[in-house]
Amino acid sequence: MQTDCIFAQLEFKGFDGHKVVAGFDGGAITSDAGALLLRHVDAAIGLFDRVAACLVDGRDRKCTVHSTRTLVGQRIAAIALGYEDVDDHDTLRYDPVLALLSERLTPKRQDCAVLAGKSTLNRLEHGRPGAPTRYHKIAYDAGAQIVLDLDATDDPLHGHQEGRFFHGYYDGYCYLPLYIFCGRHLLSAKLRRSNIDASAGAVEEVGRIVKQIRTRWPGVRIVLRADSGFARDELMDWCETRNVDYVFGLARNKRLEKEIAEALEEARLEAGTSGQAARVFRDFLWSTKDSWSRRRRVVAKAEWTMAAPNPRFVVTSLEPECWAAQLLYEELYCARGDMENRIKECQLDLYADRTSAHTMRANQLRLWFASLAYVLIGALRRLGLAHTRLADATCGTIRLKLLKIGAQVRVSVRRIKVAMASACPYAEEFALAHARICAAAR
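What counts, and where the lines are drawn
Residues numbered from 1 in each chain as written. Predicted model: local features only at pLDDT ≥ 70, side-chain atom pairs only at ≥ 80, totals over all residues. Heavy atoms only, no water. Helix = DSSP H or I, 4+ residues; strand = E, 2+ residues; numbered from the N terminus. Buried < 20%, exposed > 50% of the residue type's maximum accessible area, 1.4 Å probe, protein only. Areas by Shrake-Rupley, 256 points an atom, 1.4 Å probe, with all protein chains shown as cover. Lys, Arg positive; Asp, Glu negative; His and termini not counted. Charge placed at Lys NZ, Arg CZ, Asp CG, Glu CD. Pairing = 2+ DSSP bridges. Axes fitted to C-alpha atoms, helices over the stretch in contact; angles between N-to-C directions. Contact = heavy atoms within 4.5 Å. Polar contact = N/O pair within 3.5 Å; in protein donor to acceptor, adjacent residues only side chain to side chain. Salt bridge = Lys/Arg side-chain N within 4 Å of Asp/Glu carboxyl O. Core = buried A, V, L, I, M, F, W, Y, C linked by side-chain atoms within 4.5 Å. Disulfide = S-S within 2.5 Å. Phe/Tyr/Trp six-rings, centres within 6.5 Å; stacked < 30°, edge-to-face > 60°.

Peer 1: Please explain the overall build of the protein chain as it appears in this structure.
Peer 2: When you go through the protein chain residue by residue, the secondary structure sums to 14 helices and 18 strands. If you line up the protein chain on its principal axes, its C-alpha atoms span 80 × 65 × 45 Å. Evaluated residue by residue, the protein chain yields a buried proportion of 46% over its 442 residues. As displayed, the protein chain offers around 23200 Å² of accessible surface, 51% of which is attributable to carbon and sulfur atoms. For the protein chain, the distance from the average position of its 63 positive side-chain charges to the average position of its 55 negative side-chain charges is 6 Å.

Encoded structure:
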């Protein structure tokens, strides 16, 4: 139950004969009026309902105050608004705009709020797959998960979480989550231990996603793109037998460098003449000594900077007639760097790296909630903000400019009025996003 406190007036230095006083007595005021847009977006794409449908609720209906749909919506929206910790919800549960996520004005019981506190949300985060148990009343259906270019990244650990291992490349204890994006669309975020190869589990994740895509678009061409950590025979063989193309980075070695020795010398002479870095591209068939089952096309960038050689290689299934070597490397492969910015959005703006629970299962669920917050804000950007100042904004910028808006909430018999700050500099974008999302929902 919320504690009613009497706050003393806080006096500040006055001016022009006026006292300046402040107090926490403004009533129903929110700093997160933009949550209305998140609720509006969800009505258009049905995200909260679809996620809630993946959960098995074993609680006693007569004693249940907050539905799984409310819990899911509350947790995802709060992450989108910048509240990464479950502890924040003991206060957020009374926010007058966030409360609208529950579709209720008053709680089912007088000693509760319309939104859930940290204890109830903990039951959601620490649920188990399969049937609910006595102590874990909310579980998730592992066969009905909402899953969202390929890359692995580090998720640093600072405690003794389950699955904790030291990773030499990242020089610390971490998890090694696998992300799969299509442009700005997040398709999968899978938490993994770090004592594995970067490509571990990629065949299974890609296979599931490719199946879903081809169910909808049977004739579409699919190209996988990733760094050298994914240039593994298992994944390339899977692609070749299922009509899926790939462009993977290839770690350089002495055999590869010997193959392009003449091209590197050509680039060195050109750089010496022009005084600028020079690139020469080569295209050839190549195979490892024993780890690949066949010869494959390799594109090499023989680059000479002003200081030293800088060769790079990619392996691909794409034909030279369709993709010439330089075009494939510079236009297709190098574009994968944008995916790293998307991962930064997930980890820095939406706290996907806050995997501080003890079990990997709970941490996977936290990663999914952060990913779903990314999907929600991505839908807001796609549906409501095209051709505006925020069309290419990151999740953090959209939160700051469009969601963190101060407002007073007034409830009357016939309506709930959210009076937002008149001086909001992004009021025009807010109104435009509202209109566009209405049209999309229709």
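Peer 1: Where do I start with the sheet that holds strand S10 (residues 178–182) in this structure?
Peer 2: Paired through their backbone hydrogen bonds, the strands of a sheet run either parallel or antiparallel. Spatially, the 3 strands line up as an open sheet ordered S6-S10-S11, and their pairing is antiparallel. A single partner strand is all that each edge strand has here, and the edge strands are strand S6 (150–152) and strand S11 (185–190). Along the sheet, successive strands turn relative to each other by an average axial angle of 20°, direction set aside. Direction of pairing for S6 relative to S10: antiparallel, over a ladder of 3 bridges. When the bridges of S10 are listed, aspartate 151 appears paired with tyrosine 179. Relative to the sheet, helix H11 (residues 337–349) contacts S6, S10 and S11, its axis offset from that of S10 by approximately 120°.

Peer 1: Hey, could you run me through the environment of serine 287 in this one?
Peer 2: Positionally, serine 287 belongs in the loop between strand S14 (278–286) and strand S15 (296–304). Taking C-alpha positions, serine 287 is 8.8 Å from arginine 297, a pair spaced 10 residues apart along the chain. A polar atom in the side chain of serine 287 sits 3.5 Å from the backbone oxygen of arginine 294.

Peer 1: How should I be thinking about the pattern of salt bridges in this particular structure?
Peer 2: Two side chains that carry opposite charge are able to pair once their charged atoms sit near each other. All told, the structure shown has 27 salt bridges when counted by the stated rule. The residue aspartate 151 makes a salt bridge to arginine 336 at a minimum N-O spacing of 3.5 Å. Taken together, the positions of aspartate 151 in strand S6 and arginine 336 in the loop between helix H10 (325–333) and H11 put the pair 185 residues apart, joining distant regions of the chain. Accessibility assignment for this pair places aspartate 151 and arginine 336 in one class, buried.

Peer 1: Explanation requested: unusual backbone geometry in the structure shown.
Peer 2: For residues that are not glycine, phi is negative in most cases, and the peptide bond is trans in most cases. A positive phi angle is found at aspartate 171, which is not glycine, with a value near 55°. Within the secondary structure layout, aspartate 171 lies in the loop between strand S8 (165–167) and strand S9 (172–175). Its identity is not glycine, yet asparagine 243 carries a phi of approximately 60°, on the positive side. Take asparagine 243: it is sitting in the loop between helix H7 (233–241) and strand S13 (245–250). With a relative accessible area of 63%, asparagine 243 lands in the exposed category.

Peer 1: Looking at this model, I keep getting lost on the nonpolar core. Mind explaining?
Peer 2: Most often, soluble globular proteins have nonpolar side chains that are buried together. One finds Leu38, Ile76, Leu98, Tyr179, Phe181, Leu380 and Leu402 to be the most contacted residues of the largest nonpolar core, which totals 72 residues. In terms of residue count, helix H12 (residues 360–384) provides more of this core than any other element does, 13 residues in total. With 37 residues, the next largest nonpolar core counts Val206, Phe248, Leu256 and Ala267 among its residues.

Peer 1: What should I look at first to understand the state of the cysteines in this one?
Peer 2: Should the sulfur atoms of two cysteines be covalently bonded, the bond is a disulfide. Taken as a whole, this structure holds 0 disulfides when the rule is applied. Looking at cysteine 322, it has no disulfide partner, and the nearest cysteine sulfur is the one in cysteine 239, 17 Å off. In this model cysteine 438 remains outside any disulfide bridge; the closest cysteine sulfur is found in cysteine 424, 18 Å from its own.

Peer 1: Can you walk me through helix H1 (residues 35–45) in this structure?
Peer 2: Side chains of residues three or four places apart in an α-helix project in the same direction, reflecting 3.6 residues per turn. Of all the positions in H1, only Ala35, Leu37, Leu38, His40, Val41, Asp42 and Ile45 are classed as buried. Tucked into the core, H1 has its buried residues touching helix H2 (47–52), helix H3 (68–80), H12, helix H13 (395–403) and helix H14 (427–441). Backbone geometry just downstream of H1 places glycine 46 in the positive-phi region, at approximately 65°.

Peer 1: What's the story with the packing of aromatic side chains in this structure? I'm lost.
Peer 2: The description of an aromatic ring pair rests on the distance of the ring centres and on the angle between the ring planes. According to the stated counting rule, one finds 8 aromatic pairs in the structure shown. Ring geometry for phenylalanine 166 against tyrosine 173: centres 5.4 Å apart, planes inclined by 80°, an arrangement best described as edge-to-face. The class for tyrosine 173 is partly exposed, based on a relative accessible area of 37%. Ring geometry for tryptophan 286 against tryptophan 292: centres 5.7 Å apart, planes inclined by 85°, an arrangement best described as edge-to-face. Linked through ring pairs, Tyr179, Phe181 and Tyr374 together constitute an aromatic cluster.

Peer 1: Could you clarify how one ought to interpret the environment of glutamine 74 in this entry?
Peer 2: Inspection of the secondary structure puts glutamine 74 in helix H3. Between the alpha carbons of glutamine 74 and leucine 98 there is a distance of 7.3 Å; along the sequence they are 24 residues apart. Residues within four places of glutamine 74 in sequence aside, it is in contact with His89, Leu101, Leu115, Ala116 and Leu121.

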